[in-house]
Amino acid sequence: MYNDIISIENLLEAWKEFLKGKRSKKDVQEFQYKLSDNIFQLHSDLKNKMYRHGGYYAFNISDPKPRNIHKASVRDRLIHHALYRKLYPLFDIHLIHDSYSCRKFRGTHRALNRFKKFALKASKNNTKTLWVLKCDVRKFFASIDQLVLVRILNKYITDQDVIKLIQNIVSSFHSTQPGKGLPLGNLTSQLLVNVYMNEFDQYMKHVLRAKYYIRYADDFVIMSHDRKELEDILPKIDVFLREQLKLSLHPDKVFIKTFASGVDFLGWVHFPYHRVLRTATKKRMFRNITEDSTEATVQSYLGMLSHGNAWKLQEKIEDIEYKSAILPP
């Protein structure tokens, strides 16, 4: 697989994918100016095992909570894409159906629909009280143990040159201490955290046999008509995450409550017969539209609102769009 990843053909295809939406960036234009030279030099470094991942440019965003993003060089990000192209199909077939983050043909909307379907099944079409255990992993990306990650990767990858290349990338970053964390800005991080958490997903499905279980990145829910069943599962979840994956649950974001009282999951508060937008999501949405009322932004949010009971919010957004269109700049 190493030769497939570092091939000129794969590097060129990875460049095409990387280039989308980035053509106007200065560092991308500089790399493209001497694209052939850069590609062949990168291939040579990889072939001769001379490649070393560089450092990062760090900056903060609020999406919705403050996040520290680390951006690698164009050269290094090209390697991320080259790896991702070849490794995604290998890993994705091993992931459970109900893991929805950073996967093709998955995503937030499918996770929301699955939540609704599971809730109907588990509650016998809303005729029985449904309990939901909602959990959140504390400082998820920053807490990934790099040694544990490599141990997991060795289950799937036999070519040690590929393992060493991934280690090269992973070890280029650390959060709280050496050997801890993955950078939020790397494309490879999105794939690697899914492989990492697949250990937990398999435990949930095949050891604890949690029938109604959904995970999206570091957020996950388990549904049951029996509250005690969820109370018994929670300490087992805590132990597995701590002992096997060196992760911990966020103490303020773990709860067991009835579906009828409203369950906050993926930006929406879910009820038996409807779901409404979370207050924080609503405020962020209007703030973003006020700052950028272009048609693309407005249509994006209208599309999001179509997945819940939000016709009044849709009317407000359409009103903002109308006013911005008729008022002079």
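Every residue gets a number counted from 1 within its own chain, in the order that chain's sequence is written. It should be noted that, the model being predicted, local features are given only for residues of pLDDT at least 70 and side-chain atom pairs only at 80 or more, the latter also being counted only at that level, while totals for whole chains, interfaces and linings use all residues. Based on all heavy atoms of the structure, the side-chain values leave hydrogens and waters out of the count.

## A look at a positive patch on the surface
Thinking step 1. Candidate patch residues must exceed 30% relative accessible area and have no salt bridge, after which like charges are joined if within 9 Å and Val, Leu, Ile, Met, Phe, Trp or Tyr side chains if within 5 Å. The method behind every accessible area is Shrake-Rupley, applied with a 1.4 Å probe, and residues are considered shielded solely by the protein chains displayed. Every case where a carboxyl oxygen of Asp or Glu lies within 4 Å of a side-chain nitrogen of Lys or Arg is listed as a salt bridge. We treat Lys and Arg as the positive residues and Asp and Glu as the negative residues; His and chain ends play no part in the count. All charge positions are set by atom: Lys at NZ, Arg at CZ, Asp at CG, Glu at CD. Side chains of Lys117, Lys121, Lys124, Lys128 and Lys211 sit close together on the surface and give a patch of like positive charge.
Thinking step 2. Mapped onto the elements of the fold, lysine 128 is located in the loop between helix H6 (108–122) and strand S3 (131–136).
Thinking step 3. Burial classes: relative accessible area under 20% of the type maximum marks a residue as buried, over 50% as exposed, and values in between as partly exposed (1.4 Å probe, protein chains only). With relative accessibility at 47%, the residue lysine 128 sits in the partly exposed group. The numbering of helices and of strands both runs from the N terminus, where a helix is a DSSP run of H or I of at least 4 residues and a strand a run of E of at least 2.

## Concerning the confidence of the model for the chain
Close reading of the predicted structure is inappropriate where its pLDDT is low.
Thinking step 1. The score called pLDDT rates the predictor's confidence residue by residue, from a low of 0 to a high of 100. When pLDDT is averaged along the chain, the result is 88; 84% of the residues meet or exceed 70.
Thinking step 2. Residues count as neighbours in contact if any of their non-hydrogen atoms are within 4.5 Å of one another. Every residue in residues 325–329 is under pLDDT 50, and counting partners more than four places away or in other chains gives 0 contacts.

## Some words on the sheet that holds strand S8 (residues 268–270)
Within a sheet, neighbouring strands are paired by backbone hydrogen bonds and run either parallel or antiparallel to one another.
Thinking step 1. The strand order across the open sheet formed by 3 strands is S7-S8-S9, and the pairing between neighbours is antiparallel. Each edge of the sheet is formed by a strand with only one pairing partner; in this case those strands are strand S7 (263–265) and strand S9 (275–277). Here the average twist between neighbouring strands, direction ignored, is 30°.
Thinking step 2. Two strands form a pair only when DSSP identifies at least two bridges running between them. The sheet contact formed by S8 and S9 spans 3 bridges and is antiparallel. Across the sheet, histidine 270 pairs through a bridge with arginine 275, a residue of S9. Angular values range over 0 to 180 degrees, each being the angle between N-to-C directions of two axes fitted as lines to C-alpha atoms, with helices fitted over their stretch in contact.

## Thoughts on helix H9 (residues 160–170)
Thinking step 1. Among the residues of H9, those classed as buried are Val162, Ile163, Leu165, Ile166, Asn168, Ile169 and Val170.
Thinking step 2. If you follow the buried residues of H9, they end up packed against helix H1 (2–6), helix H4 (35–47), strand S1 (56–62), helix H5 (74–92), helix H8 (146–153) and helix H10 (187–207).
Thinking step 3. Polar contacts here mean pairs of N or O atoms no more than 3.5 Å apart (in protein, one a potential hydrogen donor and the other a potential acceptor; neighbouring residues in sequence count only if both atoms are side-chain atoms). Structurally, the start of H9 carries an N-cap: the backbone nitrogen of aspartate 161 is 2.9 Å from a side-chain oxygen of aspartate 159.

## A look at the pattern of salt bridges
Thinking step 1. Tallied over the entire structure, the rule returns 14 salt bridges.
Thinking step 2. Aspartate 45 is the partner of arginine 75 in a salt bridge, and the nearest nitrogen-oxygen pair spans 2.4 Å. Of the two residues, arginine 75 is situated in helix H5 and aspartate 45 in helix H4; the sequence distance between them amounts to 30 residues.
Thinking step 3. For glutamate 231, the salt bridge is made with arginine 227, and the minimal N-O distance between the two is 2.8 Å. With a gap of 4 residues between them, glutamate 231 and arginine 227 both fall in helix H11 (residues 227–245), about one helical turn apart.
Thinking step 4. The class of arginine 227 is partly exposed, set by a relative accessible area of 33%.
Thinking step 5. Salt bridges sharing common partners tie together Asp27, Lys71 and Arg77.

## Considering the sheet that holds strand S5 (residues 219–224)
Thinking step 1. Spatially, the 4 strands line up as an open sheet ordered S4-S5-S3-S6, and their pairing is antiparallel. One side of each edge strand has no neighbouring strand; the edge strands of this open sheet are strand S4 (213–216) and strand S6 (255–258). Strand after strand, the sheet turns through a mean of 20° between neighbouring axes, direction not considered.
Thinking step 2. Note that S3 and S6 share 4 bridges and pair antiparallel.

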